[in-house]
Amino acid sequence: MSPLDVIEIPGYPGWFARRVAVEAWQRAGSPRLTSAGRLYASQKYLWDGWAARLPGFNPADNPDDETQRLAHVRFVAFDLANPNHDRAAMQRAGFTFPYSYEPWHAELPNVRSYAIVRDIPSTAGGNARPIPDTPTPTPTLEDDMPTLITSAGGQSLAIEGVIVPLTSPAEVQSIKITPGVLECSRSVHERIQAIVGANRSTSAAIPLRVFDKGGNGTVYILQDGKLRPLVDPTTLTELDAKDGPTITLSHVEVQNLLQNE
Ligand SMILES: [Zn+2]
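Residues numbered from 1 in each chain as written. Predicted model: local features only at pLDDT ≥ 70, side-chain atom pairs only at ≥ 80, totals over all residues.

Engineer: Give me the lowdown on helix α6 (residues 233-242), citing residues and values where you can.
Structural biologist: Looking at α6, one finds that the buried residues are Pro233, Thr235, Leu236 and Leu239. One side of α6 carries all its buried residues, which in axial view fall inside an arc of 155°. Exposed positions of α6 whose direction lies more than 90 degrees from the buried face are Ala241 and Lys242. Tucked into the core, α6 has its buried residues touching β5 (105-107), β11 (208-213), β12 (219-223) and β13 (226-230). (Buried ≥ 20, exposed ≤ 12 C-beta atoms within 10 Å, placed from the backbone. Helix = DSSP H or I, 4+ residues; strand = E, 2+ residues; numbered from the N terminus. Arc of directions from axis to C-beta. Contact = placed C-beta atoms within 7 Å.)

Written out as C-alpha cells, the structure is:
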C-alpha cells in the first residue's frame, strides 16, 4: 500500500485517483466532484485525433510529452462541482488551483512528480472504465455557413468562428442565410468586417475562447463556427500564451450555440 496507488474514489464507483489525492480530498470533506483521473489511452486518443487534424477534435495535449502538466492523467487532479463552496477546504487539505479560468480544477503540488497512469490496477477494479474528462468528438458540419444565434439574451451571428452581435430587431430581420451567401443590412456588414477582419489579422489561426457569463465556470472554444466545452487546462494555457481572442456571452446564448450544432 503506497500513497501513489491508484484507488477507487469512495462514493464514485468507477472513478479513480491516487491514494494521496483521495485522502487529501477526504480531509477537505469529500466535496462533490465532476471529474478525476483520466487514463493515458483516453488522452492518447484525443491527442492522436488532434495531431492528425481529424474533424471534430479539439486541441489536446500529447500524453507522451512529460513536460506537460497532464494532472488528470497523473491521477492527482479533481474537478469540483461547487468550487466557490469547497475551494478553501481543498486548499487547506493541500490542493492548488493553478488556473484562474478553471476555478473548479484542483490538483496536488509538484504535479510532474507523479507518473502518467496507463492502466487501472486490477486490485482497484481494473476493468472499470475511466471517466471521460473531454467531450466525445463530434463530426464537423459540411460547410462553415454563418449561424444566426437567437435567444432571450439577444441575437448574434457566428461567422468563421467569431461572434458578431446584432443590436436591433431591424438588423436581425435583414439577415438571410443561404449556402454561400449572407444577406444583411449595411450596418451589420460593417460590423462583420470590423470584427471578423480584426480577428483574422491579429490571430486568424487561434480559436476564439468563449466565457459563459452566469455559467458553471466552463470555458468554451469557438472554432469553425462550432462551440465546444474546453476542459483541458493545458489547452487553455496554450491559448493564453498566444493571447488569443476572447468573448463573454450570456449563459442563454452559450446554450443556444451549443444546441445549434
Ligand atoms: Zn480539471
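Engineer: Give a description of the sheet that holds β11 that names residues and reports values.
Structural biologist: In spatial order, the strands read β13-β12-β11-β14; together these 4 strands make up an open sheet with mixed pairing. Where the open sheet ends on each side, the last strands, each with one partner, are β13 and β14 (246-250). Along the sheet, successive strands turn relative to each other by an average axial angle of 35°, direction set aside. Direction of pairing for β11 relative to β14: parallel, over a ladder of 5 bridges. Bridge pairing in β14 places valine 210 opposite isoleucine 247. Where helix α7 (residues 251-259) meets the sheet, its contacts fall on β11, β12, β13 and β14, and the angle it forms with β14 comes to roughly 100°. (Pairing = 2+ DSSP bridges. Axes fitted to C-alpha atoms, helices over the stretch in contact; angles between N-to-C directions.)

Engineer: Tell me what's going on with helix α2 (residues 40-51), and back it up with residues and numbers.
Structural biologist: Residue pairs three or four apart in sequence face the same way in an α-helix, which turns once every 3.6 residues. In this model α2 runs 16 Å from its N-terminal to its C-terminal C-alpha over 12 residues, within 8% of the 16 Å that 1.5 Å per residue would give. Restricting attention to buried positions, one finds in α2 the residues Ser42, Gln43 and Leu46. Relative to the axis of α2, the buried residues are bounded by an arc of 95° and lie together on one face. A positive phi of about 55° marks arginine 53, the residue just after α2. (Expected span 1.5 Å × (residues − 1).)

Engineer: Requested: an account of unusual backbone geometry, with residues and values cited.
Structural biologist: Positive phi outside glycine occurs at phenylalanine 75, with the angle close to 65°. Summarising the element assignment, phenylalanine 75 is placed in the loop between α2 and β4 (77-80). Looking at phenylalanine 75, the number of C-beta atoms within 10 Å reads 30, which means it is buried. Here the phi dihedral of asparagine 110 falls at roughly 55°; this positive angle occurs in a residue that is not glycine. Topologically, asparagine 110 is positioned in the loop between β5 and β6 (147-151).

Engineer: For the environment of valine 76, give the residues involved together with the corresponding values.
Structural biologist: Counting through the fold element by element, valine 76 comes out in the loop between α2 and β4. For valine 76, a count of 27 C-beta atoms within 10 Å gives the class buried. With residues up to four places along the chain from it excluded, the contact list for valine 76 reads Ala17, Arg18, Ala21, Ala71, Glu107, Leu108, Val111 and Tyr114.

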